[in-house]
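What follows is each chain in one-letter form.
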Amino acid sequence: MSYVDEVFARVVAQNPAQPEFHQAVQEVLNSLRIVIERNEEAYRRDALLERLTTPERQILFRVPWVDDKGQVQVNNGYRVQFNGAIGPYKGGLRFHPSVNLGVIKFLGFEQVFKNSLTGLPIGGGKGGSDFDPKGKSDREIMAFCQSFMNELYKHIGQDVDVPAGDIGVGAREIGYLFGQYKRLRNAYEAGVLTGKGLSYGGSLARKQATGYGLLYMTEELLRWNGKELFGKTVAVSGAGNVAIYAIEKAWQLGAKPVTCSDSSGWIYDPDGIDVALLKDVKEVRRARLTAYAEARPNAEYHPGKGVWTAKCDIALPCATQNELLLDDAKALVANGCFAVLEGANMPTSLDATEYLQSNGVLFCPGKASNAGGVATSALEMSQNSERLSWSFEEVDAKLKGIMVNIFHNMDDAARQYGMEGNYVAGANIAGFLKVADAMIAQGIV
């Protein structure tokens, strides 16, 4: 059995009932085989892959809080500090009923390579809770966030671990978390959390960063492959932060985004998604997409799944993990889609990814195309350290430069190892080599 296969078998045996984590590890290790085989003796001696696939620290804790009826509720809290070889742990907090340890480990593992690809000095981590913010009052959200931080504050710091937002954790939640951290530490440590409000250390363009970064990556990938984004039809899933600003930037770059989705259904708008209306429905009213359809006579609302049946040139899955499955990939190919770039974390299943690649679809993994958010979070950390605030244009320009650089790093890595055009392999290799070099340089830690 090869070293890669031995390590994957070990991961499965030691982490039972964690399919998302298994999937993430399998995808990375498979694409690293050629790199590992060239250095197998040294990597095996140092147990490099065993260390790479084992979190440095896994923190599990209970989160008791009181709802508006006076009833005490209890949720599970998590923080996985996966790898700190190239900098302090960095990764978001996710509040969603689907959160469990396996999901957090998958996200943390992906974050290691994503953060490495940015070229910035940040390690990988992730956290969250099975708490569901939907339907909760602001007071209940605050009560939960304060209780969550009562434990989390012991394990984070601007030079230790810097959480940010993710699904279910936006500016409101970050504000409550930061306020409690400040209260507990009796110190104004602005760099401990990113995604903050602009009035207390946040960065301009952070809200837009993941969606904008996705489109900067799309534009460069297409350009490098002799195609262009301008005039193309784009299908987008999701209706949260990433999807909204991916749609906005797609319009700005001359493309036409025609879909969006939420957990109850999806929209097809032949006239193109109305960004202002979508923001009003999702960011202001916090309503379902049926409200969008009611305001747009030509828009079609479809309950349930099916967003990938819409005819498009480019697909951008921006919702959640494993939302684009094999049948969806077949529908995209049949409808003439020629590029899929992930805006969410691992939204495409392994068999769907393989089908897309084998049918000539340009495919970019989330650890590269989704990296704009964490890159801008690191830029927020830089601004906090300098006690400065950069303009929107400055941050946006740096973001675009980072995304273009990520593309060329993964393209170069794929070419170097004889896998030209395989951006999954290229992203994993480029991200891995930097982390591996740092781990080896630092000894067995």
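Right above here is the structure, for reference.
Here the residue numbering is sequential within each chain, running from 1 through the sequence in written order. Only residues with pLDDT of at least 70 get local features here, since the model is predicted, and only at 80 or more are side-chain atom pairs given and counted; chain-wide, interface and lining totals rely on the full set of residues. Based on all heavy atoms of the structure, the side-chain values leave hydrogens and waters out of the count.

Engineer: How should the pattern of salt bridges be read in this particular structure?
Structural biologist: Side chains that differ in charge, positive against negative, can pair when their charged atoms come close. Salt-bridge detection follows one rule: a side-chain nitrogen of Lys or Arg within 4 Å of a carboxyl oxygen of Asp or Glu. Evaluation of the coordinates by the stated rule reveals 24 salt bridges. In this structure, arginine 172 and aspartate 138 form a salt bridge, with 2.8 Å as the shortest nitrogen-oxygen distance. Linking arginine 172 in helix α7 (residues 171-185) with aspartate 138 in helix α6 (residues 138-152), this pair joins segments that are 34 residues apart in sequence. When accessible area is computed with a 1.4 Å probe and restricted to protein chains, residues below 20% of their type maximum are described as buried, those above 50% as exposed, and intermediate ones as partly exposed. Here arginine 172 falls in the partly exposed class, since its relative accessible area comes to 22%. Judged by its relative accessible area of 45%, aspartate 138 is partly exposed. Residue arginine 415 is joined to aspartate 411 by a salt bridge in which the shortest nitrogen-to-oxygen separation is 2.8 Å. With arginine 415 and aspartate 411 both in helix α16 (residues 392-416), this residue pair falls 4 residues apart, about one helical turn. On the basis of relative accessibility, which here comes to 38%, the residue arginine 415 falls in the partly exposed class. For aspartate 411, a relative accessible area of 1% translates into the label buried. Through salt bridges with shared partners, a single network forms among Glu6, Glu40 and Arg44. Numbering of helices and strands runs from the N terminus, with a helix taken as a DSSP run of H or I at least four residues long and a strand as a DSSP run of E at least two residues long.

Engineer: Hey, could you run me through the environment of tyrosine 188 in this one?
Structural biologist: Mapped onto the elements of the fold, tyrosine 188 is located in the loop between α7 and α8 (209-224). Distance in space between the C-alpha atoms of tyrosine 188 and alanine 430 is 36 Å, their sequence separation being 242 residues. Residue contacts are defined here by distance: any two heavy atoms, one from each residue, within 4.5 Å place the two residues in contact. If we ignore the near neighbours within four places in the chain, the residues touching tyrosine 188 are Phe178, Lys182 and Tyr200. In protein, a polar contact requires one atom able to donate a hydrogen and another able to accept it; more generally it is a pair of N or O atoms within 3.5 Å, and residues adjacent in sequence count only if both atoms are side-chain atoms. At 3.5 Å, the side chain of tyrosine 188 and the backbone oxygen of tyrosine 200 are in polar contact.

Engineer: Looking at this model, I keep getting lost on the packing of aromatic side chains. Mind explaining?
Structural biologist: Each aromatic ring pair is characterised by the separation of its centres together with the angle its planes make. Think of it this way: a Phe, Tyr or Trp ring, Trp meaning its six-membered ring, pairs with another when their centres are within 6.5 Å, and the plane angle makes it stacked under 30 degrees, edge-to-face over 60, tilted otherwise. Counted according to the given criterion, the structure contains 19 aromatic pairs. Between phenylalanine 95 and phenylalanine 148, the ring centres sit 5.3 Å apart and the planes meet at 70°, which makes this aromatic pair edge-to-face. One end of the pair, phenylalanine 95, is in strand β3 (residues 89-95); the other, phenylalanine 148, is in helix α6, with 53 residues separating them in the sequence. Across the pair, phenylalanine 148 and phenylalanine 95 agree in class, each one buried. Here the aromatic rings of tyrosine 212 and tyrosine 216 are separated by 6.5 Å at their centres, their planes lie at 75°, and the arrangement is edge-to-face. With a gap of 4 residues between them, tyrosine 212 and tyrosine 216 both fall in helix α8, about one helical turn apart. Per residue, the accessibility class of tyrosine 212 equals that of tyrosine 216, and both read buried.

Engineer: What should I look at first to understand the sheet that holds β3 in this one?
Structural biologist: Hydrogen bonds between backbone atoms are what pair the strands of a sheet, whose relative direction is either parallel or antiparallel. Within the open sheet, the 5 strands sit side by side as β1-β2-β4-β3-β5. Their pairing is mixed. Both outer strands of the open sheet, β1 (57-66) and β5 (161-165), are each paired with one neighbouring strand and no more. Across the sheet, the mean angle from the axis of one strand to that of its neighbour is 20°, orientation sign disregarded. Here β3 pairs with strand β4 (residues 123-129) via 5 bridges, running parallel. Directly across from arginine 94, in β4, lies its bridge partner glycine 128. Lines fitted to C-alpha atoms define the axes here, with helix axes fitted over just the stretch in contact, and angles between the N-to-C directions of these axes take values from 0 to 180 degrees. Contacting β1, β2 (72-83), β3, β4 and β5, α6 crosses the sheet at an angle of about 145° to β1. The rule for pairing is simple: two strands pair if DSSP sees at least two bridges between them.

Engineer: Where do I start with a nonpolar patch on the surface in this structure?
Structural biologist: In this scheme, patches are assembled from residues that exceed 30% relative accessible area and form no salt bridge. Like charges are connected within 9 Å, while nonpolar side chains (Val, Leu, Ile, Met, Phe, Trp, Tyr) are connected within 5 Å. Each accessible area value is a Shrake-Rupley result obtained with a 1.4 Å probe; residue values ignore everything except the protein chains displayed when judging cover. There is a patch of nonpolar side chains on the surface, built from Val66, Val72 and Val74 and spanning about 250 Å² of accessible area. As for its placement among the helices and strands, valine 72 is situated in strand β2.

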